[in-house]
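# Structural description and commentary
Listed below are the residues making up each chain.
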Amino acid sequence: MAWRGLLDRAALDLERSALVSFKWIDQREVSEDRNILITGGAGFLGSHLAELLASRGNHVFCLDNIHTGRCENFANLEASARLTVVRHDIIDGIPDTLPAFSEIYNFACAASPVHYQADPVSTALVNSTGVWNVLRRAERDGARVFQASTSEVYGDPHVHPQREDYWGNVNSIGPRACYDEGKRFAETLCTDFARARGLTLRMARIFNTYGPRMRWDDGRVVSNFIVQALLGQPLTLYGDGTQTRSFCYVDDLVRGIDRLMQSPTAEGPVNLGNPVEFTIEELARLVLDITGSNSPIIRLPLPTDDPRRRRPDIGKATRLLDWQPETALRDGLVKSVEYFRGELGRHPAGINAAE
């Protein structure tokens with residue numbers, strides 16, 4: 001069967017039932033201690049991690065409500081018999097019909113402001129009730145747990161760069177609070193649960209990450225700029241453009257997550273991101289240079305509670321994991337532009353209609 005047909009069938013099955021298996025699997029060939037669960041596994045980061053873990057012979061179950069995730073993200077696993085996609089929301093618990101897992105990676109939560117602010121109550125619940133359900137299942141299975149936290153726990157920081165011992169500056173009732181405070185609460189819940197129940201917990205505070213498989217309508221700055229440049233539309237720069245971010249290419253980030261999960265000593269949150277800082281205007285002009293676009297830059301008001309500066313101190317990750325990013329921003333953007341050119345070519349009508 002052609003891959004496109006397989007994707008179409010998978011999308012249809014996801015609407016009709018809870019379970020999609022991309023190939024029939026003889027469960028006798030799947031050792032229970034090799035089963036791994038990734039919640040939010042059909043998303044940008046989860047799908048890259050699924051590919052890595054499946055390549056090692058693990059059977060990977062991806063649990064996703066397909067709110068922001070996409071079955072297309074599994075195209076590279078077409079020939080694999082080691083992926084099962086389950087349409088499910090972790091707010092409703094982890095299905096008892098799934099096998100025991102040795103590792104659980106929790107990525108379930110929309111990560112861009114456009115998507116997590118669309119339903120702030122669900123965002124808060126996936127980081128509370130959803131995380132509680134993940135932890136209870138991990139305890140039942142005796143599984144090691146990875147919690148995907150975020151640099152947003154630092155809010156609009158007063159300390160720069162941000163280290164793991166900085167407590168942050170977050171508006172608990174602002175428009176970003178459902179995510180910022182949701183992830184902060186998730187860190188607390190995971191830490192206390194692991195301490196009280198003897199669970200092995202690994203937790204990463206993930207800074208801005210970009211690369212192939214980002215949604216074109218993701219709403220974050222890298223995808224926004226690239227899509228706008230390729231479509232010849234104005235690049236929307238919020239504020240005066242002097243606010244800063246640090247951008248980590250997805251391959252580097254996944255490599256850091258893998259090392260963190262396997263580390264015997266990495267207790268507590270660990271920053272994962274690129275410590276090289278760029279202004280947003282520098283990013284915009286770099287995207288224009290790479291794409292060769294003549295798009296103008298327009299300036300709009302800075303959104304409420306948008307951080308002015310963001311850069312990780314990765315000393316803990318370097319010391320404990322021997323990890324640091326290897327991909328320069330220009331090199332990663334070149335790969336990302338190539339990916340988005342393909343996306344625009346495959347889905348021009350849908351993308352242009354939404355602009």
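One structure accompanies this document, and this report is about it.

The next point concerns empty space enclosed by the protein. Empty space left among the atoms is revealed by rolling a probe the size of a water molecule over them. Here the structure, examined in full by the defined rule, presents one cavity of 30 Å³ or more. Considered as a void within the structure, the largest cavity measures approximately 50 Å³ in volume. As for the largest cavity, its lining consists of Asn208, Thr209, Tyr210, Met214, Arg220, Val221, Val222 and Phe247. For the lining of the largest cavity, the secondary-structure elements that each account for two or more residues are strand S8 (209-210) and helix H7 (221-230). Partitioning the lining of the largest cavity into residue classes produces five nonpolar, two polar and one charged.

What follows concerns the nonpolar core. In this structure, Tyr105, Phe107, Leu272 and Leu333 are the most contacted members of the largest nonpolar core, which totals 60 residues. When residues in this core are grouped by element, the largest group, seven residues, is from helix H9 (residues 280-291). The residues touching Leu333, leaving out its near neighbours within four places in the chain, are Tyr210, Val222, Ile226, Leu283, Leu286, Val287 and Ile290. Counting 30 residues, the second largest nonpolar core, distinct from the first, contains Leu63, Ile104, Ala194 and Leu201.

With that settled, consider unusual backbone geometry. With an omega of -10 degrees, the peptide bond running from His160 to Pro161 counts as cis. Tracing the backbone shows Pro161 in the loop between strand S6 (144-150) and helix H6 (177-197). The phi dihedral of Ile66 is positive, around 60 degrees, even though this residue is not glycine. With respect to the helices and strands, Ile66 occurs in the loop between strand S3 (59-64) and strand S4 (83-87). Despite not being glycine, Asp322 shows a phi value in the positive range, around 50 degrees.

Oppositely charged side chains can form a pair if their charged atoms are brought close together. Summed over all chains, the structure comprises 27 salt bridges. In this structure, Arg176 and Asp306 form a salt bridge, with 3.5 Å as the shortest nitrogen-oxygen distance. With Arg176 in the loop between S6 and H6 and Asp306 in the loop between strand S14 (297-300) and helix H10 (315-321), the pair connects residues that are 130 residues apart, well separated along the chain. Grouping residues by exposure puts Arg176 and Asp306 together as buried. Where Glu187 meets Arg205, a salt bridge forms, and the shortest distance between an N and an O atom there is 2.8 Å. Highlighted residues: Glu187 in helix H6 and Arg205 in strand S7 (residues 201-206), separated in sequence by 18 residues. Assigned by exposure class, Glu187 and Arg205 land together as buried. Several salt bridges converge on common partners, so that one network encompasses Glu152, Arg176, Arg245, Asp306 and Arg310.

Reading guide: rules and limits
- Residues numbered from 1 in each chain as written.
- Predicted model: local features only at pLDDT ≥ 70, side-chain atom pairs only at ≥ 80, totals over all residues.
- Heavy atoms only, no water.
- 1 Å grid on protein atoms, 1.4 Å probe; cavity = no way out; pocket = protein on both sides within 12 Å on 5 of 7 lines; lining within 4 Å.
- Points joined across faces, edges and corners; volume = space filled by probe spheres on them.
- Helix = DSSP H or I, 4+ residues; strand = E, 2+ residues; numbered from the N terminus.
- Nonpolar A, V, L, I, M, F, W, Y, C, P; charged D, E, K, R; others polar.
- Core = buried A, V, L, I, M, F, W, Y, C linked by side-chain atoms within 4.5 Å.
- Buried < 20%, exposed > 50% of the residue type's maximum accessible area, 1.4 Å probe, protein only.
- Contact = heavy atoms within 4.5 Å.
- Salt bridge = Lys/Arg side-chain N within 4 Å of Asp/Glu carboxyl O.

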